[in-house]
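Residue-level structure breakdown
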Amino acid sequence: MISFFPFLSMIIIPVLPFLACAQNQPNFTLQRQRMVEQQIKARGVHNTEVLDAMLKVPRHRFVPESYRARSYDDNPLPIGEGQTISQPYIVAFMTEALEVNKSDRILEIGTGSGYQAAVLAELAAEVYTIELITELGERAIQILNDLNYKNIHVKIGDGFKGWPEEAPFDAVIITAAPEEIPSVLVEQLKDGGRMIVPVGPVGGVQNLILGKKKAGRLETRDVLPVRFVPMVRGKE
Ligand code: SAH
């Protein structure tokens, strides 16, 4: 028995630093499970595909280093340039409201960190997303590449113009608040398509509006009061 000891310690001692290191890492998988249970399911989002996508996408990879430990908190977080990554519940709520099908091609305005685009890319065929601020768009491209998303296409430009070359879309999601629904984006939506957009004045109360396009017209209803950063017009 005793003669085995030196060999055993040779095996165990080199592993100890790795074990210690692993313990210092926050358990993001567990945090994500709690986020889904306590913030999302508890508030009434039940679509299993949406919940699975929220469980899968590593939100902490989209959050800047300095806020990483708070990635799964129940609130939005700064991502630089005065912009924010939305609260997890709002991302899940908007995604569920869009009734995404596997074959859908979706347009998102306001890439920001790229997180909402990644969640949509788990559910849809292709996601086209537009970001006005170059630094944010480039950072999102980098993160989405690192995570190996092949079905997300990021364009740096003004979302008020949409993406005419790729239109029409099955669904449109806007994650910055315009003062009214941009008609160009309604034009780029297929008949029968869904649109979700926070509408309201800068700094004031906004309403999340859910629309369905029927016979060329968007039929809308208010679904939730929210607060988003404003959708800003790009310089010509
Ligand atoms: N969906 C993002 C959060 C978006 S924050 C995420 O998951 O992280 C809103 C974003 O909309 C900001 O990055 C802002 O720069 C962008 N934005 C504002 N006006 C825009 C416009 N006209 N076109 C494209 N992006 C715009």
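Below is a summary of the structure that appears in this document. (Residues numbered from 1 in each chain as written. Predicted model: local features only at pLDDT ≥ 70, side-chain atom pairs only at ≥ 80, totals over all residues. Heavy atoms only, no water.)

**So, the side chain of Thr-95**
Among the secondary structure elements, Thr-95 is positioned in helix α4 (residues 88–97). Here Val-91 takes part through its backbone oxygen, which lies 2.6 Å from a polar atom of the side chain of Thr-95. (Helix = DSSP H or I, 4+ residues; strand = E, 2+ residues; numbered from the N terminus. Polar contact = N/O pair within 3.5 Å; in protein donor to acceptor, adjacent residues only side chain to side chain.)

**Points about the sheet that holds strand β3 (residues 105–109)**
Ordered by their spatial adjacency, 7 strands build an open sheet running β5-β4-β3-β6-β7-β8-β9, and the pairing between neighbours is mixed. In this open sheet, the two edge strands, each paired with only one partner strand, are β5 (152–156) and β9 (217–226). Across this sheet, the average inter-strand angle for adjacent strands is 15°, counted without regard to direction. Sheet analysis places β3 next to strand β4 (residues 126–131), joined by 5 bridges and oriented parallel. Residue Arg-105 lies in a different strand from β4, and its bridge partner there is Glu-126. Strand contacts of α4: β6 (169–174), β7 (189–199), β8 (206–214) and β9, with the helix running at about 160° to β9, the strand carrying the most contacts. (Pairing = 2+ DSSP bridges. Axes fitted to C-alpha atoms, helices over the stretch in contact; angles between N-to-C directions. Contact = heavy atoms within 4.5 Å.)

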